[in-house]
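Fold and geometry: a report
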2 protein chains.
Amino acid sequence: MTAKRERLKLGILASGRGTNLQAILNAIDAGSLAADARLVITNKPGALAADRAIDAGVPHQLLNHRDYENRLAFDAALVRALRAVGAEWVVLAGFMRLLTPVFIDAFAGRTINIHPSLLPAFPGVNAQKQAVDYGVRLTGCTVHFVDKGTDTGPIIAQRAIEVRQADDPDSLAARLLPVENDLLVDVLRWIAAGRVGLHDRRVTISAESPE
Amino acid sequence: MTAKRERLKLGILASGRGTNLQAILNAIDAGSLAADARLVITNKPGALAADRAIDAGVPHQLLNHRDYENRLAFDAALVRALRAVGAEWVVLAGFMRLLTPVFIDAFAGRTINIHPSLLPAFPGVNAQKQAVDYGVRLTGCTVHFVDKGTDTGPIIAQRAIEVRQADDPDSLAARLLPVENDLLVDVLRWIAAGRVGLHDRRVTISAESPE
């Protein structure tokens, strides 16, 4: 007999449309992800992600980065808000702000990001456009732990898709999005099951327990 | 009725074990690649690739780069040897010398290379070790046109494989090798069929003709 594992206490940061947020909320709602979305934070007024949180009955805060003196002050506010609700893991679900060590150290080894390329190729913004412009035949998405670099953290999972000859950045992004959604939720399931380990930069995914 | 396409007149440069060379020779021998291997050039005495050429009855020359005053002189000798046998396309099949414009301009848009990573990730030497050290979950191989950079040329095709948690550079390289062999031969089939186009850095693969 094993102790029942607690549900993952999640904070989710989003800037935009919130499709990755929606994928997480759907999986929780469907009972396929043992997590509680404790708080969704958006940093831009009017982000669709905020509506998605509200529609799902998940607590939401708008912390507008423009209201803070600098990045450190903004990041400290993020940390306070997340700690206040007991969030233990943080998902950057299309969160378009670079985080400082104030945030990264507070949730070290417990913050994950999804990026729309096969890192280390095409870090930073407009990854799909970078991929189309370079002319790669395969691209994909990467879920990784967040470290102090831009999209440089230890990789947890990656999934590839083909770039088609007719693709432009928009069509590629549209085809990649559902793959991102699935990969992010899968990784959260592994984390919720206690299967993801981080040792220096090495990520281990242990086998599913047979219980 | 269409004119019969001529067989691809290939020159193949190799430095090492020559497994990619062998894959090409096997495909020609099996009749699944409409090409003639006009010449195999190796640049190191004792390279296994030379034995493979000789065993297959394909002309072979050893051009030892150490016998030449500089890179330009070596490259000029390569070009002379390839032109002398009527080679029209050149395959770098594990050829470990950087080529100068003397060579690259002579076979511009007609020289391809196979590289054991999903470029632009992990260019240069020891790509499999770079991938393991970085901790990527997917890597693969890339066939690309050769340009003046190191593994920066226009990409023709890529194929991905998973990196396993237990992989070291050797086990990863061993699992990747048959994928490289297949991809390289597939690309040569497309070239032999006249399906590969290059327009600036954009590579097009046209549909198989129905004839």
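Just above sits the structure.
Residues numbered from 1 in each chain as written. Chains lettered and ligands numbered in written order. Predicted model: local features only at pLDDT ≥ 70, side-chain atom pairs only at ≥ 80, totals over all residues. Heavy atoms only, no water.

The next point concerns the overall build of chain A. Broken down by element type, chain A carries six helices and nine strands. The C-alpha radius of gyration of chain A comes to 17 Å, within 12% of the 17 Å expected for a compact globule of 211 residues. Projected onto the principal axes, the alpha-carbon positions of chain A cover approximately 50 × 50 × 35 Å. Evaluated residue by residue, chain A yields a buried proportion of 52% over its 211 residues. Of the contacts formed within chain A by residues at least 6 apart in sequence, a portion of 62% connects residues at least 24 apart. Taken as a whole, chain A presents about 9900 Å² of accessible surface, with 51% of it coming from carbon and sulfur. If the 24 positive side-chain charges of chain A are averaged to one point and the 23 negative ones to another, these points end up 2 Å apart. (Helix = DSSP H or I, 4+ residues; strand = E, 2+ residues; numbered from the N terminus. Rg over C-alpha atoms; globule rule 2.2 N^0.38 Å. Buried < 20%, exposed > 50% of the residue type's maximum accessible area, 1.4 Å probe, protein only. Contact = heavy atoms within 4.5 Å. Areas by Shrake-Rupley, 256 points an atom, 1.4 Å probe, with all protein chains shown as cover. Lys, Arg positive; Asp, Glu negative; His and termini not counted. Charge placed at Lys NZ, Arg CZ, Asp CG, Glu CD.)

It is worth spelling out the sheet that holds strand 3 (residues 60-62) of chain A at this point. All names here are of chain A. In spatial order, the strands read 3-2-1-4-5-6-7; together these seven strands make up an open sheet with mixed pairing. Every interior strand has two partners, whereas the edge strands, strand 3 and strand 7 (155-162), have only one. Ignoring strand direction, the axes of neighbouring strands in this sheet form an average angle of 20 degrees. Note that strand 4 (residues 89-92) and strand 5 (residues 111-115) share three bridges and pair parallel. By the bridge assignment, valine 90 is partnered in strand 5 with threonine 111. In the packing of helix 3 (residues 71-84) onto the sheet, the strands contacted are strand 1 (8-14), strand 2 (35-42), strand 3 and strand 4, and the crossing angle to strand 2 comes to about 150 degrees. Relative to strand 7, helix 6 (residues 169-192) is tilted by about 155 degrees, and along the sheet it contacts strand 1, strand 4, strand 5, strand 6 (138-145) and strand 7. (Pairing = 2+ DSSP bridges. Axes fitted to C-alpha atoms, helices over the stretch in contact; angles between N-to-C directions.)

Turning our eyes to something else, we now look at the relation of the copies chain A and chain B. Copy one and copy two of the chain differ by a rotation about a common axis and a shift along it. Between the two copies, chain A and chain B, the superposition gives an RMSD of 0.0 Å; the rotation angle is 180 degrees and the shift along the axis is 0.0 Å. As the rotation angle and translation indicate, the two copies are arranged about a two-fold axis. Every residue of chain A has its C-alpha some distance from the rotation axis, and the shortest such distance is that of alanine 121 of chain A, at 2.6 Å. Interface residue correspondence from chain A to chain B reaches 100%, placing this contact among same-surface, isologous pairings. (Least-squares fit on C-alpha atoms with pLDDT ≥ 70 in both.)

Moving on, we come to helix 2 (residues 48-55) of chain A. Residues and elements named next belong to chain A. Within helix 2, burial applies to Ala49, Ala50 and Ala53. Summarising the axial view, the buried residues of helix 2 lie within an arc of 105 degrees, below the 170-degree limit, and thus occupy one face. Exposed and facing more than 90 degrees away from the buried side of helix 2 are Ile54 and Asp55. Contacts from the buried residues of helix 2 go to strand 1, helix 1 (19-29), strand 2 and strand 3. Glycine 57 occupies a position one or two residues after helix 2 and carries a positive phi of about 70 degrees. (Arc of directions from axis to C-beta.)

Below, the discussion takes up the pairing of strand 9 (residues 202-205) of chain B. Residue and element names in this part refer to chain B. Covered by surrounding structure in strand 9 are Val203 and Ile205 only, the residues Arg202 and Thr204 on the alternate face being uncovered. Note: strand 8 (residues 196-199) against strand 9, four bridges, orientation antiparallel. Paired with glycine 197 across the bridge in strand 9 is threonine 204. Hairpin connection, strand 8 to strand 9: the antiparallel pair is bridged by two residues, and aspartate 200 has positive phi, about 55 degrees.

Another point: the packing of helix 1 (residues 19-29) of chain B against helix 2 (residues 48-55) of chain B. All names here are of chain B. Contact geometry for helix 1 and helix 2: axes closest at 9 Å, N-to-C directions at 15 degrees. For the element pair helix 1 / helix 2, the angle class is roughly parallel. With respect to the hand of their crossing, helix 1 and helix 2 are arranged in right-handed fashion. Side by side, helix 1 and helix 2 meet where Thr19, Leu21, Gln22 and Leu25 of the first sit next to Ala49, Arg52 and Ala53 of the second. Residues of the contact of helix 1 with helix 2, tallied by class, amount to four nonpolar, two polar and one charged. (Parallel < 35°, antiparallel > 145°, perpendicular 65-115°, else oblique. Left-handed = near helix turned anticlockwise from the far one by under 90°. Nonpolar A, V, L, I, M, F, W, Y, C, P; charged D, E, K, R; others polar.)

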